[in-house]
Amino acid sequence: MTTTVPAPAAAGHAAAVSTSKPKVRRRARSERARAERRLGWMLCAPAVTVMLLVTAYPIGYAIYLSLHRYDLRFPTETTFIGLRNYGAVLGNRLWWQDLTSTLTITAISVVIELLLGFLLAYVMHRAIFGRGLVRSATLVPYGIITVVAAFAWRFAFDPATGFINGMLHTQRAWFTQQWSSYLVIVLTEVWKTTPFMSLLLLAGFTLVPDDVVKAARVDGATATQRLRKIIIPLMKPAILVAVLFRTLDAFRIFDAVFVQTRGAQGTETVSILGYNTMVSRLNLGLGSAVSVLIFACVLIISFVFVKGFGANLSQQRGEG
Amino acid sequence: MTDVRRRRPHARRVVGATVAAGLLALPACGGGSSGGVPTINWYAKEEAGGSMSDAAKACTASAHGRYRIKQVPLPTTTDEQREQLVRRLAAKDSSIDLLNMDVIWTAEFANAGWITRWPTARAEQVTKGKFPNVVDSARFKNQLYAAPLNGNTQLLWYRSDLVTTPPKTWDEMISQAEQLAREGKPHRIQVQGQRFEGLVVWFTSLLASAGGTVLSPDGTKVALPAGPTRRALAVMRRMSRSVAADPGLSTSQEDQGRQGWETGESAFMVNYGFVWPSASKNNPELAKKMRWAPYPTVDPGRPSKATIGGFNIGVGAYSKKRELAFDAATCLSSKENQLGFAAKSGLLPVTTSLYDDPKVTEATSDAVDAAGKPTQVKSFPYAKAIREALATAVLRPKTPYYNDVSLAITRTLHPTRDINPDKDVKRLRDAITKALKGEGLL
C-alpha cells in the first residue's frame, strides 16, 4: 500500500517535466522518499506520543521534583530549593557506600553470568538430541518471578528451614555476614538471569558461519584457537549487547536484596536507598534526586558501552 | 482495503458495546451504595479467624440500615499497609472512610491532615475505660485522632524445666543462659535483632526501662540522656555477643524467634503472645513447660517498661461520610467487638475491664496434645501479665518523622553485636537529629 499511493502523483510529475531523464527520476524518487518519510512519521506518531507520555513525562517530573523540597507528609512546606537535594545525596557517605555495593554486585554477577551463559549458549547451539527440551529447561529460572526466586533462595539458606546448611554440614546464618550475604544475592541473580544472557549469546552463535569454523579446522586451528580467533570476535556485537543489557539490569537490582537482607550487612543498593527515601520516608524531592542520579549512572554505563560497541563494529567492518 | 472496511463497523460496534458496559458499570462501583444504604469503606487487614469482617457484619447489623461497613483488605505486613494507605491518602482518596492504623502512624497521619480529629464527646466515648497510655498512642498534640482497637506488648517467655525463677533483668537472664550453656542445656535467648521495626521496639523498651526516652516530651528534639542510653546499648551489645544469642540474631524477627523457640534449643524468648497458641500446636511437649514473666528490666531497682504495639481506627480526612464513619468506628472498637477480636484472632483488648471477662480469661484455641490428638488450650493464660505490662508500657517516639527516626535507629544499631556504647550514643543522637529535620539520606 505504501508504495502504490504516491505512484500516480510521481508519474504525473515526471510527465510534466520531461527535460532530462535521470534528473527527473532522482527528483521523483526524492519526492517519493519525502512522502514515505511523512507517512513513516505519521505511522509511528502514536507510538512516539505514547513513549513521550510514559517515559519523558515521568523523567521530566522526577527532575522537577528533585529540585524541590517536597515531602508528602508536609504538603504545605513544598519549596523550590535548586540543587540542594543533589548536594545532600552526593555529599552523603551512604550514597557512595550504596553505589559501591551496587557496582560490586553488578560486576561479579555479570562476569559469572557471561561465562555461564556462554557455556549454556554453546550447549544449546550444539545440542543434537532434545534441542527444544534443553532450551526450555534452561529458560525455567528466567520464567520465575524475581521476588519468588529471591524468597526461594532465602528459604534455602535459612538456618532454621533451609536445606543448604544440612547439605554442607554447617550451622551458618548466611545473612548475618557481609561476604555470605553477597554470595547468596549474587547466586540468586546468576541463577535467575543467566538464561537471559545465554539466549542473547545463542543469537550471537548464529552469527558465526559454520563454514568459517570448518575452514579454520581444516587449516589446523585448535579448538581454543577457533574460539579465541574466530568465534568470539564474530560474536563480539552479541556479547556486548548481552553484557550491556545485563549490566543495566543488574545495576538496578532491588528484589533480591530487599527480600534477603533488606539492605543490611552492607548490601544496600542504590535502588533500595531510593525506595527508602521515596516510599518509606515519603520524601519525594530527595528520593527523586536519588532516582535521577541512578538514571544518570545508567546513562553513563550505556554511553561507555555504546562507545565501545561502536568502535568494535567499525573495526569488524574493516576486517570484513 | 475492502477487508478492513468491512471489519470496521464491527470494530465500532465492539468499542461501543464496551463503552456502554463501562458506563453501566460505573454507578455500581463508583457510587458506593447499595439500595440507598451508604457504604463505609474500612481499610483493614483481615485477621486469621475472620474477626475483622465479622465485626464489620455485626456493626452493619446493629446500624439498622443507617450504614453498611465494607471491609477493604490491606496487605499483611504493616509496612505495606502504610505504603498503600499513604499513597491513597496523599492523593486525597475519598473512598477511605475508616482505616486501621498501627500505633506508630498517628503523628505522621494527623500532621499531614490525612485523618480526622475526633470531637470531644465522641472521643470520650471511644476512650472510656481504655488503658491511658494506649489511648495516648492515638493522640497527637493533645487531640484524639483514632479509636483504640487492640493492644499488645511483649513478655518474657521461659522454660520451667530449665529456669526456676524467671530473671528480673537482662543481665540476670544472660548470666542464667550462659550458665545453662556451660551445663550443656538449651540456653538460647530469642530476641529481634533484624534491621526492622522490631529492633526499635527492643531499643525503646530497654531505654525506657533504664529511665530514658528517645525524644523530648513535645517530640521535636532528641532526648537520649547519656546514662540510660549507654546502659541500654551496653545490654544490647552484651546480649548479642553472648553464647546465648541465636546465630541468626541479626536477621531475626518475631517469627524467627518463635521458630527458634519451637525447636527446643532456647531457654528464653522476648516475644508477643502469638507464640503460645503456636507452640501448643507445633510442639505441645514444649508448650507444657512454657511460662511467662514481665519483660526484663535493665537496672534491678527500676521496673521494666515494655513497648506498646497494636492498632487504632482512624477516620479518613477526605471521607464524605465522616459522621457515619465516626459511628461505625465507635461500634467497631466497642467491647463486644474487642472480645470478638480476642476470641477469634488472638488480638488483645484495650479496655481494661475486659481482662477479667470470662470471654478472654476462659477463651480456648485449638491445639494438639502430646499424643498428637486435637485438644483445646486456654488462649490467654498470660492475660494478667499483659494487662499489667500494658498499664506501664511506653510508646515509641511520637513525631511526624517517625519513619525517619525508626530508620535512623535501626541503621545505627544494626548489627547489634557491633554496638559500641561509648561512641554510639553520639552516633544515635546525630542520626536522629538529622531524621527530625527530614533532610539528608538515612
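Thresholds, definitions, all that
Residues numbered from 1 in each chain as written. Chains lettered and ligands numbered in written order. Predicted model: local features only at pLDDT ≥ 70, side-chain atom pairs only at ≥ 80, totals over all residues. Heavy atoms only, no water. Axes fitted to C-alpha atoms, helices over the stretch in contact; angles between N-to-C directions. Helix = DSSP H or I, 4+ residues; strand = E, 2+ residues; numbered from the N terminus. Parallel < 35°, antiparallel > 145°, perpendicular 65-115°, else oblique. Left-handed = near helix turned anticlockwise from the far one by under 90°. Nonpolar A, V, L, I, M, F, W, Y, C, P; charged D, E, K, R; others polar. Patch = residues over 30% accessible without salt bridge, like charges linked within 9 Å, V, L, I, M, F, W, Y side chains within 5 Å. Areas by Shrake-Rupley, 256 points an atom, 1.4 Å probe, with all protein chains shown as cover. Salt bridge = Lys/Arg side-chain N within 4 Å of Asp/Glu carboxyl O. Core = buried A, V, L, I, M, F, W, Y, C linked by side-chain atoms within 4.5 Å. Buried < 20%, exposed > 50% of the residue type's maximum accessible area, 1.4 Å probe, protein only. Contact = heavy atoms within 4.5 Å. Buried area = accessible area lost by both parts, 1.4 Å probe. Disulfide = S-S within 2.5 Å.

A. Geometry of the packing of helix 4 (residues 93-126) of chain A against helix 8 (residues 178-205) of chain A. Residue and element names in this part refer to chain A. Interhelical geometry of helix 4 versus helix 8 gives an angle of 45° and a closest axis separation of 6 Å. By the angle between their directions, the pair helix 4 and helix 8 is classed as oblique. Pair helix 4 / helix 8 crosses with right-handed handedness. Tallied by class, the residues present in the contact of helix 4 with helix 8 amount to 19 nonpolar, seven polar and two charged.

B. Region of the structure containing a nonpolar patch on the surface. A cluster of nonpolar residues, A:I145, A:V147, A:V148, A:F151 and A:F155, forms a patch on the protein surface that exposes about 430 Å² of accessible area. On the secondary structure map, A:V147 appears in helix 6 (residues 146-157).

C. Spatial organisation of the nonpolar core. Of all hydrophobic cores here, the largest spans 77 residues; its most connected members are B:W170, B:F203 and B:I432. Apart from the residues within four sequence positions on either side, B:F203 is in contact with B:V214, B:L224, B:T229, B:A232, B:L233, B:M236, B:I409, B:L413 and B:L428. Counting 41 residues, the second-largest nonpolar core is a separate cluster that includes A:V208, A:L244, A:A289 and B:L441.

D. Just the interface of chain A and chain B, in detail. Opposite the 33 residues of chain A that make contact, chain B presents 31 residues. Of the roughly 2600 Å² buried between chain A and chain B, counting both surfaces, carbon and sulfur atoms make up 51%. Linking chain A with chain B are five salt bridges. A salt bridge links A:R73 to B:D404, with the shortest nitrogen-to-oxygen separation between them at 2.7 Å. Per-element accounting of the side of chain A that touches chain B gives the leading share, six residues, to helix 12 (residues 270-280) of chain A. Of the residues in the side of chain A that touches chain B, the class split is 18 nonpolar, nine polar and six charged.

E. Main features of the state of the cysteines. Residues and elements named next belong to chain B. Counted by the stated rule, this structure contains one disulfide over all chains. With a sulfur-sulfur separation of 2.0 Å, C59 is cross-linked through a disulfide to C331. Taking the sign of the torsion about the S-S bond as the criterion, the disulfide between C59 and C331, at about -95°, is left-handed. Of this pair, C59 sits in helix 2 (residues 51-62) while C331 is found in helix 13 (residues 322-332), placing the two residues 272 residues apart along the sequence. Among the residues examined, C59 registers a relative accessible area of 0% and is labelled buried. Note on C331: relative accessible area 17%, which makes it buried.

F. Highlighting the pattern of salt bridges. Within the structure shown, the criterion is met by 41 salt bridges over all chains. For B:D54, the salt bridge is made with B:K344, and the minimal N-O distance between the two is 3.2 Å. Placement of the pair is B:D54 in helix 2 and B:K344 in helix 14 (residues 335-345), with a sequence separation of 290 residues. A residue is classified by how much of its surface remains accessible, and B:K344, at 43% relative accessible area, is partly exposed. The closest approach of N and O atoms between B:K288 and B:E285, which form a salt bridge, is 3.7 Å. Taken together, the residues B:K288 and B:E285, both in helix 12 (residues 284-288) and three residues apart, mark about one turn of the helix. On the basis of relative accessibility, which here comes to 55%, the residue B:K288 falls in the exposed class. We classify B:E285 as partly exposed; its relative accessible area is 39%. Here the salt bridges share partners, and the residues they tie into one network are A:E113, A:E189, A:R246, A:D249 and A:R252.

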